[in-house]
Amino acid sequence: EPKMNDLMQQYATDERNIVEKLADLHIGGRKMKHALQAAGIVVLENDNEVLTYNEQKFTIAGVADKITCVADSHQALKNTPEPRILLTHTPDVFPDITDSVTLVLAGHTHGGQVKLPFIGAPIVPLEHGRRYAEGFIEENNKKMIVSKGLGTSRIPVRFNCKPEIVVIEFTE
């Protein structure tokens, strides 16, 4: 099977059949979902899990990837207790998220991968551009953390944009 970088390179260089290619990417996503589930990993695609810690219930919800599917935060959060943590691949869903969500965790951007001095990332693959490229964002009584992650996308280069693993410690 081809590796994801190979597929992304193919998509980046040949835009003739974009609908078919997005369908292929979605099919690849379904294969990944099934592989994760077979390994015992819960995949939250417009769904949620209510967990209990120290007798306190909270919700971990996830929305489908907005790029290849329909991200439905209302379905993902339906009838769930607060506090709520929402997982999303792309931060582009943030403006549409209800303010009853305690924290949104996102990725996708890789921080822009290339950050020029005094300018920042010239290209960020989002509807909202650099607005949600990385870090902690607080907007309209909502909070989101966008991780730069470890990898790259399309072009395997990072400049002035260190990879990261975000560790979040919740306290009472």
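Residues numbered from 1 in each chain as written. Predicted model: local features only at pLDDT ≥ 70, side-chain atom pairs only at ≥ 80, totals over all residues. Heavy atoms only, no water.

### Focus on the pattern of salt bridges
Phase 1 of the analysis: Within this structure, the stated rule accounts for 4 salt bridges.
Phase 2 of the analysis: Here Lys115 and Glu134 are joined by a salt bridge, their closest N and O atoms 2.6 Å apart. Of this pair, Lys115 sits in the loop between strand E4 (103–106) and strand E5 (135–139) while Glu134 sits in the loop between E4 and E5, and the two are 19 residues apart along the sequence.
Phase 3 of the analysis: Between Glu138 and Lys143 there is a salt bridge, with its nearest N and O atoms 3.4 Å apart.
Phase 4 of the analysis: The class of Lys143 is partly exposed, set by a relative accessible area of 34%.
Phase 5 of the analysis: Among the charged side chains, a network of salt bridges with common partners joins Lys115, Glu134 and Lys148. (Salt bridge = Lys/Arg side-chain N within 4 Å of Asp/Glu carboxyl O. Helix = DSSP H or I, 4+ residues; strand = E, 2+ residues; numbered from the N terminus. Buried < 20%, exposed > 50% of the residue type's maximum accessible area, 1.4 Å probe, protein only.)

### A look at unusual backbone geometry
Phase 1 of the analysis: In this structure, Pro83 follows Glu82 across a cis peptide bond, with omega equal to 0°.
Phase 2 of the analysis: Within the secondary structure, Pro83 sits in the loop between helix H3 (73–77) and strand E3 (84–87).
Phase 3 of the analysis: For Asn46, which is not glycine, the phi torsion reads 55° and is therefore positive.
Phase 4 of the analysis: Its location among the elements puts Asn46 in the loop between helix H2 (18–38) and strand E1 (47–53).
Phase 5 of the analysis: The phi dihedral of Asn140 falls on the positive side, at around 50°, and the residue is not glycine.
Phase 6 of the analysis: Along the polypeptide, Asn140 turns up in the loop between E5 and strand E6 (142–146).
Phase 7 of the analysis: Classification of Asn140 as exposed rests on a relative accessible area of 61%.

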